[in-house]
Amino acid sequence: MSRTTMRAPNSGWTDSDCPAARTLDLVGDKWSLLVIRDAMDGARSFTEFQRRTSIARNILSDRLRKLTAHGLLAQRTAPSGRRQEYVLTDAGRDLFPIIVTLRQWGERHAFAPNETHSTLVDQHGTPVPEIVPTGADGTLLDTDTTHVQKTR
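Residues numbered from 1 in each chain as written. Predicted model: local features only at pLDDT ≥ 70, side-chain atom pairs only at ≥ 80, totals over all residues. Heavy atoms only, no water.

A. Quick look at the overall build of the protein chain. A tally of helices and strands in the protein chain yields six helices and two strands. Here the C-alpha coordinates of the protein chain stretch approximately 55 × 45 × 30 Å along the principal axes. Across the 152 residues that make up the protein chain, the buried fraction comes to 25%. The long-range fraction of contacts in the protein chain, counting pairs at least 24 apart against all pairs at least 6 apart in sequence, stands at 39%. Roughly 10900 Å² of accessible area belongs to the protein chain as shown, and the carbon and sulfur atoms make up 53% of that amount. Computing the positive centroid from 20 side-chain charges and the negative centroid from 18, the protein chain places the two 10 Å apart. (Helix = DSSP H or I, 4+ residues; strand = E, 2+ residues; numbered from the N terminus. Buried < 20%, exposed > 50% of the residue type's maximum accessible area, 1.4 Å probe, protein only. Contact = heavy atoms within 4.5 Å. Areas by Shrake-Rupley, 256 points an atom, 1.4 Å probe, with all protein chains shown as cover. Lys, Arg positive; Asp, Glu negative; His and termini not counted. Charge placed at Lys NZ, Arg CZ, Asp CG, Glu CD.)

This is how it looks when you write it as structure tokens:
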């Protein structure tokens, strides 16, 4: 799978040395992530994104433009030949683990016990297992076993 590198200079980075901060600058608002989520779930047209999210047209236009400009979505002619549609790029698909992790955090912390919510399942209908970071040796990683190392 090819990797898209975003090297365009941006003097507005929140923290130019931090990958997490740069990622949040690109997709950190709720509408961008919901558009990416819906694209992963098959939405392709402006109308589909708007129907699924109830986002205002001007905000949706802005987010689609931004996500396309940053290489997370691409526009192509729909099979009907009459409209443009949006599809995930490799960089957009690379956000899948982030969306899954957000869902799983939400299942644990954003619902009351026994409150109904959607569940992400695989092609067999089995719930997706929890995503847990592990080290090269397979040990579980957390805030006590990792640290940020600056590179230059």
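B. The packing of helix α2 (residues 30-40) against helix α6 (residues 96-109), seen in detail. Between α2 and α6, the least distance of the axes is 11 Å, while the angle of their chain directions is 105°. Comparing their axes, α6 and α2 come out roughly perpendicular. Contacts between α2 and α6 pair L33, I36, R37 and M40 from the former with F96, I99 and L102 from the latter. Looking at the contact of α2 with α6, its residues break down into six nonpolar, no polar and one charged. (Axes fitted to C-alpha atoms, helices over the stretch in contact; angles between N-to-C directions. Parallel < 35°, antiparallel > 145°, perpendicular 65-115°, else oblique. Nonpolar A, V, L, I, M, F, W, Y, C, P; charged D, E, K, R; others polar.)

C. Local environment of the side chain of E85. Residue placement: E85 occurs in strand β2 (residues 84-88). By relative accessible area, which is 9% here, E85 ends up buried. A distance of 2.6 Å separates a polar atom in the side chain of E85 from a polar atom in the side chain of R76. When neighbours within four sequence positions are excluded, E85 is seen to be in contact with R44, A74, Q75, R76, T77, A78 and P79. (Polar contact = N/O pair within 3.5 Å; in protein donor to acceptor, adjacent residues only side chain to side chain.)

D. Region of the structure containing the environment of V148. Positionally, V148 belongs in the segment after α6. Relative accessible area serves as the criterion here: at 73%, V148 is assigned to the exposed category. Measuring from C-alpha to C-alpha, the distance between V148 and C18 comes to 9.4 Å, with 130 residues separating the pair along the chain.

E. Broad picture of the pattern of salt bridges. Counted according to the given criterion, the structure contains nine salt bridges. Here R37 and D38 are joined by a salt bridge, their closest N and O atoms 2.9 Å apart. Judged by relative accessible area, which is 33%, R37 ranks as partly exposed. Note on D38: relative accessible area 4%, which makes it buried. Of the charged contacts, one joins R76 and E85 as a salt bridge, the two residues approaching to 2.6 Å between their closest N and O atoms. For R76, a relative accessible area of 43% gives the class partly exposed. If you follow the salt bridges from partner to partner, you end up with D29, D62, R63 and K66 in one network. (Salt bridge = Lys/Arg side-chain N within 4 Å of Asp/Glu carboxyl O.)

In short, the description is geometric, and any link to function would need to be established separately.
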